[in-house]
Amino acid sequence: MSIPHCGSGPAPSLPLDGIVIADFSRVLAGPYATMLLADLGAEVIKVEGPGGDDTRSWVPPVRPDGVSTYYAAINRNKKSIVLDFKDTDDLAVAHALSARADVVIENFKPGGLTRFGLGYDSVRDRNETVIYCSISGFGSAEGASLPGYDLIVQAMSGLMSLTGDPDGPAYRAGISVFDVMAGLHSTIGILAALRHRSMTGKGQNIETSLLASAMSGLVNQTSAYVAGGVTPNRMGNAHPSLFPYEPLPTADNALIIAAGNDGQFRKLVEVLGVPELADDPRFARNADRTRRREELRPLLVGRLETQSAEHWFTKLNEVGVPNGPINSIAQGVQYAEKLGLRPIVEVGQAGHTVPGVRNPISFSGIEPRYDLAPPTLGQDTDDIRAWLAATATAANGAT
């Protein structure tokens, strides 16, 4: 038995139809993961305390109806139930939900749900095939007591030591990058565990953390230390292993130029009118250009500053040299629209929709759903309680 579909017509067939997810997570990493799974058909029940998810009050900015745009960004296609775990009846509902769910996801401090009988061992005892995913900041061992804020992980992972001007202060990334990565890694883990369960009938306990995601997500930078014994440092917008691969000034605005190989560099200097640089032994190979970037940069800038960024953007694209302007968010969305990526979707039912950002995955045979706007606090509490009661009655009747 599944929660009744809320759409105006028959529910479309999606890969995760019939999968019920009890979402005990808050803020970003967990809700982002469950939204992606909900887009693909999973029934996500968002469990909130009486005060609601913190992001409901993270304003400004807000939509015209007063809803936090932060909350709205990661909570579509879900149903909301309010449960106070200190209330005996509400806790019983939480236990029933965890017993019925295919997936339980939470991001309390490690062990934080154990005292409520909602830790992995307790949930497994009542639901032996459950897939249980815990997200933390620093893991469940020695880092269990540390608060899992993305900004702290950006600092402690080393990311901030790489972000900013060489002689300036360290900076955070413009988004909670490791929350997003941890959400994506959790989604991958849950999908893999669902596949494993379909083959073996067994559940799974999954752990992800922001710091583990950071170690993986820093890719070449952590590899530089682990495999090469090199501790990377801040280089502003420069790349440690490529040049040119940074913003360079033109006659008006800066333009990102990313000549990632010798062939692209040759095309670049031909367009700039200095083809001899491609055969100059100082710059012939990427290693040479990277080592002598301070010699090469003024030679390129001298030509770039003769024309506008738009001029060079057009000319370089014509020959396949990767480049692009530094856009605002508004310009970025508009450019995605121009390219046919359709980044904006209407979420909700006809006549009651709100704008949202499209799921980034495109399939040949299905379309992610956008039929439920982010729920108001507790809007589905009565329906979910009734569904759980009916499920329990049906199960008792079957025995």
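Thresholds applied
Residues numbered from 1 in each chain as written. Predicted model: local features only at pLDDT ≥ 70, side-chain atom pairs only at ≥ 80, totals over all residues. Heavy atoms only, no water. Pairing = 2+ DSSP bridges. Helix = DSSP H or I, 4+ residues; strand = E, 2+ residues; numbered from the N terminus. Axes fitted to C-alpha atoms, helices over the stretch in contact; angles between N-to-C directions. Contact = heavy atoms within 4.5 Å. Parallel < 35°, antiparallel > 145°, perpendicular 65-115°, else oblique. Nonpolar A, V, L, I, M, F, W, Y, C, P; charged D, E, K, R; others polar. Buried < 20%, exposed > 50% of the residue type's maximum accessible area, 1.4 Å probe, protein only. Phe/Tyr/Trp six-rings, centres within 6.5 Å; stacked < 30°, edge-to-face > 60°. Lys NZ or Arg CZ within 6 Å of the ring centre and 35° of its normal.

### Concerning the sheet that holds strand β9 (residues 323-325)
Piece 1. Pairing is antiparallel in the open sheet, where 3 strands are placed in the order β7-β8-β9. Strands with a single pairing partner mark the edges of an open sheet, and in this sheet they are β7 (245-249) and β9. Strand-to-strand, the axes of this sheet are offset by a mean angle of 25°, without reference to chain direction.
Piece 2. Sitting on the sheet, helix α11 (residues 293-304) is in contact with β7 and β8 (254-258), with an inclination near 45° to β7.

### Description of the packing of helix α6 (residues 177-200) against helix α7 (residues 210-217)
Piece 1. Orientation of α6 relative to α7, taken along the N-to-C sense of each, is 95°, at an axis distance of 8 Å. When the interaxial angle is binned, α6 and α7 end up roughly perpendicular. Residues F178, D179, M181, A182 and H185 of α6 lie in contact with α7, whose contacting residues are L210, S213, A214, S216 and G217.
Piece 2. In the contact of α6 with α7, the residues fall into 5 nonpolar, 4 polar and 1 charged.

### Considerations on the pairing of strand β4 (residues 103-106)
Piece 1. Burial along β4 is two-sided: the face carrying V103 and I105 and the face carrying V104 and E106 are both buried.
Piece 2. Note that strand β1 (residues 20-24) and β4 share 4 bridges and pair parallel. Within β4, the residue paired with A22 across the bridge is V104.
Piece 3. By the bridge criterion, 4 bridges tie β4 to strand β5 (residues 131-136) in an arrangement that is parallel.

### Observations concerning unusual backbone geometry
Apart from glycine, the bulk of residues carry a negative phi angle, and the bulk of peptide bonds sit in the trans form.
Piece 1. That bond from V59 to P60 is cis: its omega, -10°, falls within 30 degrees of zero.
Piece 2. With respect to the helices and strands, the residue P60 is situated in the loop between β2 (43-48) and α2 (69-73).
Piece 3. Here the residue pair P60 and P61 is connected by a cis peptide bond, since its omega of 0° sits within 30 degrees of zero.
Piece 4. One can find P61 in the loop between β2 and α2.
Piece 5. Despite not being glycine, N77 shows a phi value in the positive range, around 60°.
Piece 6. Mapped onto the secondary structure, N77 falls in the loop between α2 and β3 (78-82).

### Digging into the packing of aromatic side chains
Piece 1. Following the criterion strictly, the structure yields 4 aromatic pairs and no others.
Piece 2. A centroid spacing of 5.7 Å and a plane angle of 65° characterise the contact between Y120 and Y132, whose relative ring orientation is edge-to-face. One end of the pair, Y120, is in helix α4 (residues 120-126); the other, Y132, is in strand β5, and 12 residues separate them in sequence.
Piece 3. Grouping aromatic residues by their ring pairs yields a cluster made of F24, F85 and F116.
Piece 4. Here the guanidinium or amino end of R26 rests over the ring plane of F108, the centre of that ring lying 4.0 Å away.
Piece 5. For R289, the ring lying beneath its charged end belongs to F265, and the centroid distance is 4.4 Å.

### A word on the sheet that holds β2
Piece 1. Taken in spatial order, the 6 strands line up as β3-β2-β1-β4-β5-β6 in an open sheet, and their pairing is parallel. Sheet topology places β3 and β6 (204-209) at the edges, where each strand pairs with a single neighbour. Sheet twist, expressed as the average angle between the axes of neighbouring strands with direction ignored, equals 20°.
Piece 2. Pairing geometry for β5 and β6, over 6 bridges, is parallel.

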